[in-house]
Structure formats: structure tokens, C-alpha cells
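Summary of structural features
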Amino acid sequence: MIPIPQYPIYSALIAKHGAHQINYYLDEDNDWSLDLAELHRALDEARDHCTPRMLCVINPGNPTGQVLNVENMKEIIRFAHDNRLVLLADEVYQENVFRGKEWNSFRKVIMSMEAPYCHTELASCHSASKGCIGECGLRGGYMQLINFAQVVYDATAKLYSTKHPGSLGQVVIDIVVNPPVSGEPSHDTYMEEKKKIFDSLEQRAKLITMLFNSIEGISCRPITGALYALPRVFIPERAVDEAAKCGMSPDAFYCFQLLEDTGICVVPGSGFGQRPGTYHFRITILPQLDVIEELVARFRVFHMKFLKHWK
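A short tour of the structure in this document, coming up. All values reported here derive from a predicted model rather than from experimental measurement. (Residues numbered from 1 in each chain as written. Predicted model: local features only at pLDDT ≥ 70, side-chain atom pairs only at ≥ 80, totals over all residues. Heavy atoms only, no water.)

Further remarks concern a nonpolar patch on the surface. Taken together, the side chains of Y7, I9 and L13 present a nonpolar region at the surface, about 260 Å² in accessible area. Here Y7 lies in the loop between β1 (2–4) and α1 (9–16). (Patch = residues over 30% accessible without salt bridge, like charges linked within 9 Å, V, L, I, M, F, W, Y side chains within 5 Å. Areas by Shrake-Rupley, 256 points an atom, 1.4 Å probe, with all protein chains shown as cover. Salt bridge = Lys/Arg side-chain N within 4 Å of Asp/Glu carboxyl O. Helix = DSSP H or I, 4+ residues; strand = E, 2+ residues; numbered from the N terminus.)

The next subject is the sheet that holds strand β10 (residues 267–268). Spatial strand order, β8-β11-β10: three strands in an open sheet with antiparallel pairing. With partners counted over all chains shown, the strands left at the sheet margins are β8 (228–229) and β10, one partner each. Of the pairings in the sheet, the one linking β10 to strand β11 (residues 281–284) comprises two bridges and is antiparallel in character. Paired with P268 across the strands is F281, a residue of β11. (Pairing = 2+ DSSP bridges.)

Time to look at the packing of helix α9 (residues 250–262) against helix α10 (residues 289–310). Two elements in contact, α9 and α10, have axes separated by 10 Å at closest approach and are oriented at 125°. Between α9 and α10, the angle is such that the two are oblique. By crossing handedness, the relation of α9 to α10 is classed as right-handed. Between α9, through F253, Y254, Q257, L258, D261 and T262, and α10, the contact on the second element is made entirely by R298, F299, F302, H303, F306 and W310. Its residues placed into classes, the contact of α9 with α10 shows seven nonpolar, three polar and two charged. (Axes fitted to C-alpha atoms, helices over the stretch in contact; angles between N-to-C directions. Parallel < 35°, antiparallel > 145°, perpendicular 65-115°, else oblique. Left-handed = near helix turned anticlockwise from the far one by under 90°. Contact = heavy atoms within 4.5 Å. Nonpolar A, V, L, I, M, F, W, Y, C, P; charged D, E, K, R; others polar.)

So, on to the packing of aromatic side chains. Under the definition given, this model contains 12 aromatic pairs. Each residue in the set F212, F253, Y254, F281, F299, F302, F306 and W310 is aromatic and connected to the rest through ring pairs, giving one cluster. (Phe/Tyr/Trp six-rings, centres within 6.5 Å; stacked < 30°, edge-to-face > 60°.)

Here α10 is 22 residues long and its end C-alpha atoms lie 31 Å apart, about the 32 Å a rise of 1.5 Å per residue gives. Elements in contact with the buried residues of α10: α7 (187–213), β7 (218–219), β9 (232–233), α8 (237–245), α9 and β11. (Expected span 1.5 Å × (residues − 1).)

This part covers the side chain of E202. Within the element layout of this structure, E202 appears in helix α7. Setting aside its immediate chain neighbours within four residues, E202 contacts F98, R99 and G100.

Before going further, it helps to spend a moment on the sheet that holds strand β3 (residues 54–58). Read across the open sheet, the four strands follow the order β3-β4-β5-β6; overall the sheet is mixed. Either end of the sheet is taken by a strand with one partner, and the two such strands are β3 and β6 (141–146). Across the sheet, the axes of successive neighbouring strands diverge by a mean angle of 15°, strand direction being ignored. Pairing between strand β5 (residues 122–127) and β6: six bridges, direction antiparallel. Note on β6: the bridge partner recorded for S127 is G141.

Across all of its chains, the model carries 10 salt bridges by this definition. Ionic pairing is found between D31 and R221, a salt bridge with its closest N-O pair at 2.8 Å. One end of the pair, D31, is in the loop between β2 (23–25) and α2 (36–46); the other, R221, is in the loop between β7 and β8, and 190 residues separate them in sequence. Close ionic contact of E71 with K74 constitutes a salt bridge, the shortest N to O distance being 4.0 Å. Note that E71 and K74 are positioned in helix α3 (residues 70–82) at a spacing of three residues, about one turn of the helix. Salt bridges linked by common partners bring E38, R41 and E45 together as one network.

Once that is clear, we can look at the side chain of T262. With respect to the helices and strands, T262 occurs in helix α9. On the accessibility criterion, T262 (18% relative accessible area) is buried. A polar contact of 2.6 Å, which involves the side chain of T262, links it to the backbone oxygen of L258. (Buried < 20%, exposed > 50% of the residue type's maximum accessible area, 1.4 Å probe, protein only. Polar contact = N/O pair within 3.5 Å; in protein donor to acceptor, adjacent residues only side chain to side chain.)

Because each turn of an α-helix spans 3.6 residues, side chains separated by three or four positions end up pointing in the same direction. Among the residues of α1, those classed as buried are Y10, S11 and I14. For α1, the angular spread of the buried residues around the axis is 95°, confining them to a single face. Buried residues along α1 sit against β1, β3 and β4 (86–90). Positioned one or two residues after α1, G18 has a phi angle of 70°, which is positive. (Arc of directions from axis to C-beta.)

This part covers unusual backbone geometry. Residue I4 is joined to P5 through a cis peptide bond whose omega torsion reads 5°. By the element assignment, P5 lies in the loop between β1 and α1. Following N62, the chain continues into P63 via a peptide bond in cis, with omega recorded as 15°. Assignment of secondary structure puts P63 in the loop between β3 and α3. Look at W32: it is not a glycine, yet its phi comes out positive at around 65°. Structurally, the position occupied by W32 is in the loop between β2 and α2.

From the geometry alone we can't say anything about function, so treat these as descriptive.
Written out as C-alpha cells, the structure is:
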């Protein structure tokens, strides 16, 4: 079971291994929250085609930028345990949290619950590619397993003994899990630089949300985590029909027009999955504030011309 919208590596790996993809839709109208009734719908419909084994949750969300609260996480844990699903928690954006939101790991929440839910099987993962480290090229990450049978740990140890990251990746992960602590020479500088990075990212998240929501035909939910916005674009019916003639999804048609006219590159929401009849694009919040303002200004001009042409 994977969220829609999702990070495409999940659908790719499911297809590669010949498994059955079970989609559950995030609730855009409620800031991309995860609705328990939607999980039950997806699970019940899938049982006619397969035996569901795993529930994947991306928290903070990619590409949706939401952060789950503890009560929602407890609902998810109960759902996974009651339906005998392994819980896979993608937590690679755990340091990228904004707007006063508090991020909690699924491991922490599971350990806080009473039996039987404290025994829920969990595989959680983190990466050096995000947070204040941001070392995408060094390919470092880790996975933690809890509450599995010993045979699973044995098989995992065997896997890691034959396939492991390079030395640089292991070094950077050591830095991720062992940051400078109070009293060490680099601690104050580390904390100052980290605060500066995340304060700036929060300003960018607020700015890009505000700017997109000021444009006719665009709706952008608040960004509370990760590094992306996923605005919804309301595409005129004539443009939808034209996209079909070109053999393209409407949002891809829109995004290619945007690229050709402005040089702005965004990713169509169809690449991540979306509810039928809705269209989105993903854009990063990484550019500097002045660049974001200039970029959205160019976007606004394109978008209004697009609407005028196709309405």
C-alpha cells in the first residue's frame, strides 16, 4: 500500500518485483492528511486481487510536504497491526519540518503504545541526502527494523554483508547520527549554521505557498515538511482535450508549455499519482527568496496567458 501522490521509486520497485500496487489517496483538502477510512477502502478493494503485506507511509511527505501528528500516526499503527501489515516508514525528510510542526518517528510512537500495538513490525529509513547535510551524491542512508522475527534480522545481516555503501557514504551517515553535542568545539557553530539553514527554508516555504495561492487557478496547501510544494492547477477543458490529442496527460502538457515559454522546470503531478480529474506540479523550495519571487512572477505571466488562450 503506497500513498498517492507518492515518491515514484515505490511504484517502480513494486513493478520490478512483480508485486501488486495498492493506492491510497491523501486528502488534499485537509493538507494532504492520511484518512483512516481511505486506508480501509484501499485495503478492502485490494483483497480481491492480492494478499496485502505492507503499508508505506512517507512522513514528512514527498511530494506533498505534510507532517503527520501523533494521533494520526497511532491510527495508522493500529490499522497496520490489526490487518497484519508491515509498516514501512520513509522518514528521510525528518529534519525538514516548518511552521512550528513537531515531527515524531514511528518507532517512538510505537514504543509509547500499549500491547499489542507496541509489537507492530516496523521498517524505518533515513538518508544523508536531506536535512542540513544534504549530501545526495554520497549515497548514504540507513534502515532500522523493530519487532521482526529473528530470521528477518539474520537475512538482513546476510544482505548487508554482500551489499553495502561505499566508504564515503558510511562516513557521512556517521556524521548524521553523531552530530556535535554541547561542550564540543564545533557545537555552537553547527547549531548556528543549522538554524540559519532551516529558518531560511521556512521563509521560502511560506513565501512560495503565499505566492502560488495569489494566482487565479492555482491552489497550494501549506508546506510543513520536506522540500517541495505540490500546487494544484485547474486546467481549462479545452487544454485537457488538446493534451489528449497530443497523447499527454494534461499536467504534463501544461508543464512542457511552462518549460518552453519560461525555462521553468517543474514535475507533472501525474509522475507521482493524483486523484483522477485533478492536476498538479511539484516545485522545490530550495531557490533563494529573491529567486523564488522572480520565478513565480514569470510563472504568473505564463499561467494567465495559458488560461486566456485555452478558456
